[in-house]
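Understanding the architecture of this molecule
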Amino acid sequence: MELLTPQRRLAFKGQGGDLFAVLIVNWLLTMVTLGLYYPWAKVRRLKYYYEHTELDGHPFHFHGTGREMFIGFIKAVGLLALLYGAFFGLAMLQEAWASVLGFLVLFGGLLLLLPLIIHGTYRYRMSRSSWRGIHFGYRGDRNELYRICLRDGLLTLVTLGIYGSWFTINLRNYVMSHVRWGSSQFAYKGDGLDFFLMNLKGYFLTLFTLGIYGFWWQKDMFHYYVDHLSWNFTDGKRLQFKGTATGGGFFGLMITNVLLVIFTLGIGYAWAEVRTMRYILANITLVGDADLNNVAQTEQEHKGALAEELGDLMDIGIFL
Amino acid sequence: MNDGVEAVLYDGVSSRPLEARVSVRAPNALVVEHGGERFTWPLEHAGMQWERTRDTLRITFGEFPRRVLIVRDPLFIRSFVLRMRYTGRQGVYDRMLGLARSGPVLFFLGVAVLLVASYVWLLPWAAEGVAMLMPRTVDRQLGEAAWGTMVHSLDEDTARSRTLQRFGEALQLSPDHPLTFHVVDDEQVNAFALPGGHIVVYTGILERMDRPEELAALLAHEGTHVQERHSTRMLMRQLASYVFLSLIIGDASAIAAVVAKHADNVRNLSYSRGLETDADRHGMERMHARGVDPQGMVDLLQLLQEEAVDMPAAMEFLSSHPLTAERVAEAERLAAELGIPAVTRPPLDGLFQALRAEEEEPVSEEVMAE
């Protein structure tokens, strides 16, 4: 008998003890090298996550190297130092116009860097990710991204932040819809209004329930990110992503994680991280009858890791 | 196709997983069989890479797009890894990770012990070494900067400061730093030294003294702080501590940060207690060398101890200069050991009387000639 809707599952196979070993060696080496080891540590950690994430029983792979990340790291530090240097240099003049100019240089610079960071982060990260030997890729256009960021950024400013929901979703629609895996392509179709209303509801209910609804808000957010994602293949077939997480599930996960971290004075962090990854990945299902065996390698090798590091330094968590 | 173990092969062209069998053949080559075809991947080849997790081995080979082989057979993984280790292709990182993985908690404890040891012994030693390498002009600049910020809020008695200056110079306390003495009109029973040479004595403490030896002891104590560069050393230790702790903690939890901060405070406190005892001891040795009876230090400490019981104003002095019975006992022991000085004391009585006088009165020529 044939299954009506075949499902494919994601799973995280990592273990707390193993991740702990990776993290502690990273920590030790980063400390001993006064922080210089950081890019290599990041690669080790990413590799652990990728290698232990399986879709349909096949593991993912991260191809990035510490060297690439280190070069990006140095450039990122240099760029930020330049911006902050200009800012503080102008502030030192102790004149009103210089301070204003300093702020403009700093925030204008950061704002102009943002699309560049997103673009570069996706390009680097996707080109360095593979599954079943086929590389992912990001084929978005940088100028188009600038156009979206400038238009939506201004609208967000004018509407005092309200348009931020539309900004987030437009950005996500564009970026995720230009991610590909070999000859197949992802698509994300979110709507700014839905996202705004969901957050509005989440915000007020969380306020009224003294934070308890926060876990259900989290669930809604998770579903919003997952359920609008699909994966399209050249033969016209597709896989639809579906979230199965529940508010109660998030509640149990987070409470136990907080206790786990507090009562072990932070040592339990690795175990908490593994539990989170397991929960999240176990609750993403891919529904559809697309054939994953007929995807061809299409992406070229890509070099450069500047944006990855910049994104990291500025704490822009754009990844699921 | 009956030798070798099962593996999954991805050819880098299509996403289709291929069934394959893999075995290691001498000399140093991996043989991959798939659908009647046979590939040989030399183990020493530059395009040969491998990575393992707890239960999978990933071997990649060739140029982009690379061919990938996933093996899950535990026996094969073990023998392959052993072989690669034997050919010397395992780095320091893998060794360390292997160690950490075999006993994560034990490894963590080992690292923790190492860290604590370097924090307690290595770090202070290095920080003090750096402090002592810094030129003495640094002390002076630090002290002048601090003095500049506080000079306006202090009610200095310049006439008595001049007298105290003569008193201090007669003792020749600090050969490397010229000392500048200040008398400040204030009820507090307190005195302090800034790095580089400013020493401030409050009238509150002056008025409670009976003998010039006590004042000599106070100045010798504060002078030692200056001469031995205690402030600069303390500053360097704190700075090193701060950098070390922020390196360790990095982005770890806030709880760990709070614990570490308190650990640091406790340590600084015990270090500053050590510095006070140090200043007592070196101060007494200096007094003895100048012909001043070191018993003066004992008297001073006892006087301060009584003050601490009598009046809460002395609390401030207590918090920065903890006066324990131990410290007095230590001073008594050292006084007995040093004995009566062999050299004669410089003339101090006249200056001391002038300092003690309630009203400001110029020092007479007789006192100067004493």
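It should be noted that the structure appears before, not after, this text.
Notes on the structure follow.

What counts as what
Residues numbered from 1 in each chain as written. Chains lettered and ligands numbered in written order. Predicted model: local features only at pLDDT ≥ 70, side-chain atom pairs only at ≥ 80, totals over all residues. Heavy atoms only, no water. Helix = DSSP H or I, 4+ residues; strand = E, 2+ residues; numbered from the N terminus. Buried < 20%, exposed > 50% of the residue type's maximum accessible area, 1.4 Å probe, protein only. Contact = heavy atoms within 4.5 Å. Areas by Shrake-Rupley, 256 points an atom, 1.4 Å probe, with all protein chains shown as cover. Rg over C-alpha atoms; globule rule 2.2 N^0.38 Å. Axes fitted to C-alpha atoms, helices over the stretch in contact; angles between N-to-C directions. Parallel < 35°, antiparallel > 145°, perpendicular 65-115°, else oblique. Left-handed = near helix turned anticlockwise from the far one by under 90°. Nonpolar A, V, L, I, M, F, W, Y, C, P; charged D, E, K, R; others polar. Pairing = 2+ DSSP bridges. Core = buried A, V, L, I, M, F, W, Y, C linked by side-chain atoms within 4.5 Å. Buried area = accessible area lost by both parts, 1.4 Å probe. Salt bridge = Lys/Arg side-chain N within 4 Å of Asp/Glu carboxyl O. Polar contact = N/O pair within 3.5 Å; in protein donor to acceptor, adjacent residues only side chain to side chain.

This paragraph deals with the overall build of chain B. Looking only at helices and strands, chain B features 14 helices and 10 strands. Here chain B, with 370 residues, has 47% of them falling under the buried criterion. In chain B, the proportion of contacts linking residues at least 24 apart, taken out of those at least 6 apart, comes to 59%. Approximately 18800 Å² of chain B is accessible, and the part contributed by carbon and sulfur atoms is 59%.

Along chain A, the regular secondary structure elements total 11 helices and 10 strands. Relative to the 2.2 N^0.38 estimate, which gives 20 Å for 320 residues, the radius of gyration of chain A is 21 Å and therefore close to what a compact globule would have. A principal-axis box enclosing the C-alpha atoms of chain A has dimensions of 80 × 50 × 50 Å. Here chain A holds 320 residues, and the buried ones make up 50% of them. For chain A, the accessible area works out to roughly 15800 Å², and carbon and sulfur atoms hold 67% of it.

Turning next to the packing of helix H1 (residues 16-32) of chain A against helix H10 (residues 269-282) of chain A. Residue and element names in this part refer to chain A. At their nearest, the axes of H1 and H10 sit 8 Å apart, and the two run at 125 degrees to each other. On the basis of the axis angle, H1 is oblique to H10. The chirality of how H1 crosses H10 is right-handed. Facing H1, whose interface residues are Gly-16, Gly-17, Leu-19, Phe-20 and Leu-23, H10 presents Tyr-269, Ala-270, Trp-271, Glu-273 and Val-274. For the contact of H1 with H10, the residue count by class is 7 nonpolar, 2 polar and 1 charged.

On to the sheet that holds strand S8 (residues 180-184) of chain B. Residues and elements named next belong to chain B. With mixed pairing, the 3 strands of this open sheet are ordered in space as S8-S10-S9. The open sheet terminates on both sides in strands that have one partner only, identified here as S8 and strand S9 (191-193). Within the sheet, the average angular offset between the axes of one strand and its neighbour, ignoring direction, is 15 degrees. Examined bridge by bridge, S8 and strand S10 (residues 198-202) share 5 bridges and lie parallel to one another.

Further remarks concern the nonpolar core. One recurring pattern in soluble globular proteins: nonpolar side chains tend to sit buried together. Residues Val-25, Trp-181 and Trp-231 of chain A are the most contacted members of the largest nonpolar core, which totals 85 residues. For this core, the element with the highest residue contribution is H1 of chain A, accounting for 10 residues. Counting residues in each nonpolar core, the second largest holds 39 residues, with Met-287, Leu-304, Val-328 and Leu-348 of chain B among its members.

The next point concerns the interface of chain A and chain B. In this complex, chain A contributes 44 residues to the contact, which on the side of chain B involves 30 residues. Between chain A and chain B, the buried area comes to about 3400 Å², and carbon and sulfur atoms account for 66% of it. Considering only the side of chain A, the residues that lose the most area to chain B are Val-25, Trp-27 and Met-31 of chain A, jointly responsible for 15% of the buried surface there. Ionic pairing is found between Glu-54 of chain A and Arg-72 of chain B, a salt bridge with its closest N-O pair at 3.4 Å. There are 17 residue pairs in polar contact (both at pLDDT 80 or more) connecting chain A and chain B. Put simply, the parts of the chain that give the side of chain A that touches chain B at least two residues each are H1, helix H2 (38-51), strand S3 (58-62) and strand S5 (134-138) of chain A. Counting residues per element, the side of chain A that touches chain B draws most heavily on H1 of chain A, at 12 residues. When grouped by side-chain class, the residues that make up the side of chain A that touches chain B number 21 nonpolar, 15 polar and 8 charged.

Okay, the pattern of salt bridges next. All names here are of chain B. As enumerated under the stated definition, the model contains 24 salt bridges over all chains in all. When the shortest N-O distance is used, the salt bridge between Arg-233 and Glu-128 registers 3.0 Å. Taken together, the residues Arg-233 in helix H8 (residues 230-249) and Glu-128 in helix H3 (residues 104-133) connect sequence positions 105 residues apart. Glu-128 shares its class with Arg-233; the two are buried.

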